[in-house]
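# Understanding the architecture of this molecule
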Number of protein chains: 2
Amino acid sequence: MKLLEDRIRTEGTVKNGVILKVDSFLNHQMDAELFRAMAKEWKRRFADAGVNKILTIEASGIGLACIAAEEFGCRAVFAKKIAGNNMDTDVYSTKIMSFTKGKVFDVVISKRFLTPEDRVLILDDFLANGCALQGLMDLVKQSGATLVGCGIAIEKGFQEGGKRIREEGVRLESLAIIDSMEGGNLVFREEA
Amino acid sequence: MKLLEDRIRTEGTVKNGVILKVDSFLNHQMDAELFRAMAKEWKRRFADAGVNKILTIEASGIGLACIAAEEFGCRAVFAKKIAGNNMDTDVYSTKIMSFTKGKVFDVVISKRFLTPEDRVLILDDFLANGCALQGLMDLVKQSGATLVGCGIAIEKGFQEGGKRIREEGVRLESLAIIDSMEGGNLVFREEA
């Protein structure tokens, strides 16, 4: 998606050769106008999929999920990383390794919000090793809901997550795929 | 705001006499259509305030902030509870006690996203003891930005947070104020 790629080129910075910082518009400060354009693009790509539930994980995915929920005319739900004391005990649960934070999170979602009637589109801001997506897919599987596909803002195409998930037959729509950022030089994959 | 009060009556449940669960539409599953109506109401109330930045805290405030950012035509930014290893070191920082989670969080925001030019509307889903709001107000103060006011979805009027913040002279607009939920019976404060 050219709009997103242009924004990454303009505002993104590569740190230590491996970290792409896009916190001025995606995952700390958020440009809701850009999110709207991204949501419309996911809606275009998944127009025929009968999506009736958006699933994401806290925190950075929530803004995207909320805006996309308006486009798809459905509710969004975010999986929680830590169970607070007013969290349901009746939850689906999985474990997700976060390399950014260097630890394993227990991730939960109330059973009330993921049911066999749901046709779920998973959305998230980043895809690198794929741990978060695999965890969310596990929650969908536990619930008996139908996984329609996954939408990602920025996929690091030089890490293995996207490849592995596509090989599982999951429909994965990343709006920008970065195949290399060696020397701070961003190379985007051509859209199919 | 009647629409929100009605939704709380319909879908909210009181747990152990003190916890109001609204996780089917506000802070776990999210009804973006309702968020849109709430954002329009905040925009109406703060129409003359020159808001050019929305500030919230992860995670439950993010959806509201994102939708509201579209209404106000500005960017939103969320304060982060834990500094990941790709977080800026150049941050404003404060401590916030979470009674729900039973611990104190370090909360940070990059200095790049809160500046003296910003006229900040703080948004959050809940106001009870006011710790989160006080922390966010502290970040605004550190930055030299102007605090325009605070918008809250649900204020627990029987706890002291709202009263204290209004006494400080802060403009605080809560869309639903619950003055009592004894015996699970919700009593809303009349709008002024």
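Refer to the structure above for everything that follows.
All figures in this text were calculated on a predicted structure; none of them were measured in a lab.

## Quick word on the overall build of chain A
- What chain A contains, in helices and strands, is five helices and 11 strands.
- Its C-alpha radius of gyration of 16 Å places chain A within 12% of the 16 Å reference for a compact globule of 192 residues.
- Summarising its shape, the C-alpha atoms of chain A cover approximately 45 × 35 × 30 Å along the three principal directions.
- A burial count over chain A gives 49% of its 192 residues as buried.
- Look at the contacts in chain A between residues 6 or more apart in sequence, and 58% of them connect residues 24 or more apart.

## Remarks on the packing of helix H3 (residues 61-72) of chain A against helix H2 (residues 32-45) of chain B
- Following both chains from N to C, one finds H3(A) and H2(B) inclined at 105°, their axes separated by 8 Å at the closest point. By the criterion of interaxial angle, the relationship of H3(A) to H2(B) is roughly perpendicular. The residues of H2(B) that touch H3(A), namely those facing Cys66(A), Ala69(A) and Glu70(A), are Ala32(B), Glu33(B), Phe35(B) and Arg36(B).
- Looking at the contact of H3(A) with H2(B), its residues break down into four nonpolar, no polar and three charged.

## Let's talk about the pairing of strand S5 (residues 75-79) of chain A
- Within S5(A), five of the five residues are buried, which leaves it mostly tucked inside the rest of the structure.
- Here S5(A) shows no split at all, with Arg75(A), Val77(A) and Ala79(A) on one side and Ala76(A) and Phe78(A) on the other all buried.
- Relative to S5(A), strand S4 (residues 53-57) of chain A is paired through five bridges, and the arrangement is parallel. Each bridged residue has a counterpart across the sheet, and for Lys53(A) the counterpart in S5(A) is Arg75(A).
- Here S5(A) pairs with strand S3 (residues 29-30) of chain B via two bridges, running antiparallel.

## Considering the environment of Gly17(A)
- Looking at the element boundaries, Gly17(A) is found in the loop between strand S1 (13-15) and strand S2 (19-21).
- When the C-alpha positions of Gly17(A) and Ser180(A) are compared, they lie 9.9 Å apart, and in sequence the two are 163 residues distant.

## Quick notes on the sheet that holds strand S8 (residues 119-127) of chain B
- Reading across from one edge, S3(A)-S5(B)-S4(B)-S8(B)-S9(B)-S10(B)-S11(B) is the order of the seven strands in this open sheet, with mixed pairing throughout. The open sheet is flanked by strand S3 (29-30) of chain A together with strand S11 (187-188) of chain B, the only strands paired with a single partner.
- Judged from the eight bridges that link them, S8(B) and strand S9 (residues 146-156) of chain B form a sheet pairing that is parallel. Directly across from Leu123(B), in S9(B), lies its bridge partner Gly151(B).
- Against the sheet, helix H1 (residues 2-11) of chain B engages S9, strand S10 (172-180) and S11 of chain B, with an angle of about 40° to S10(B).

## Side note on the relation of the copies chain B and chain A
- Mapping chain B onto chain A calls for a screw motion: a turn of 180° about the axis and a shift of 0.0 Å along it, with 0.0 Å RMSD after fitting. A rotation of that kind, with that shift, is consistent with a two-fold axis.
- Here 100% of the interface residues in chain B have copies in chain A that are interface residues too; the copies meet face to matching face.

## Observations regarding the interface of chain B and chain A
- On the side of chain A, 34 residues touch chain B, which itself brings 34 residues to the contact.
- Taken together, the elements giving at least two residues each to the side of chain B that touches chain A come down to strand S2 (19-21), S3, H2, helix H3 (61-72) and strand S5 (75-79) of chain B.
- The element best represented in the side of chain B that touches chain A is H3(B), accounting for six residues.
- A per-class count over the side of chain B that touches chain A returns 14 nonpolar, nine polar and 11 charged.

## What about the packing of H3(A) against H3(B)?
- At a minimum axis separation of 8 Å, H3(A) and H3(B) run at an interaxial angle of 55°. Considering the angle they form, H3(A) stands oblique to H3(B). Note on packing geometry: the crossing formed by H3(A) with H3(B) is right-handed. Of the residues in H3(B), those touching H3(A) at Ile62(A), Gly63(A), Cys66(A) and Ile67(A) are Ile62(B), Gly63(B), Cys66(B) and Ile67(B).
- The residue inventory of the contact of H3(A) with H3(B), partitioned by class, reads six nonpolar, two polar and no charged.

## Digging into the sheet that holds S4(A)
- Read from one edge of the open sheet, seven strands run S11(A)-S10(A)-S9(A)-S8(A)-S4(A)-S5(A)-S3(B), paired in mixed fashion. Of all the strands in the sheet, the pair left with one neighbour each is strand S11 (187-188) of chain A together with S3 of chain B.
- Alignment of S4(A) against strand S8 (residues 119-127) of chain A, held across three bridges, turns out to be parallel. Looking at S8(A), one finds that Lys53(A) is bridged to Val120(A).
- Most of the contacts of helix H1 (residues 2-11) of chain A go to strand S10 (residues 172-180) of chain A, to which it runs at about 40°, and overall it touches strand S9 (146-156), S10 and S11 of chain A.

Cut-offs and rules
- Residues numbered from 1 in each chain as written.
- Chains lettered and ligands numbered in written order.
- Predicted model: local features only at pLDDT ≥ 70, side-chain atom pairs only at ≥ 80, totals over all residues.
- Helix = DSSP H or I, 4+ residues; strand = E, 2+ residues; numbered from the N terminus.
- Rg over C-alpha atoms; globule rule 2.2 N^0.38 Å.
- Buried ≥ 20, exposed ≤ 12 C-beta atoms within 10 Å, placed from the backbone.
- Contact = placed C-beta atoms within 7 Å.
- Axes fitted to C-alpha atoms, helices over the stretch in contact; angles between N-to-C directions.
- Parallel < 35°, antiparallel > 145°, perpendicular 65-115°, else oblique.
- Nonpolar A, V, L, I, M, F, W, Y, C, P; charged D, E, K, R; others polar.
- Pairing = 2+ DSSP bridges.
- Least-squares fit on C-alpha atoms with pLDDT ≥ 70 in both.
- Left-handed = near helix turned anticlockwise from the far one by under 90°.

None of the figures reported here should be taken as evidence of function without further support.
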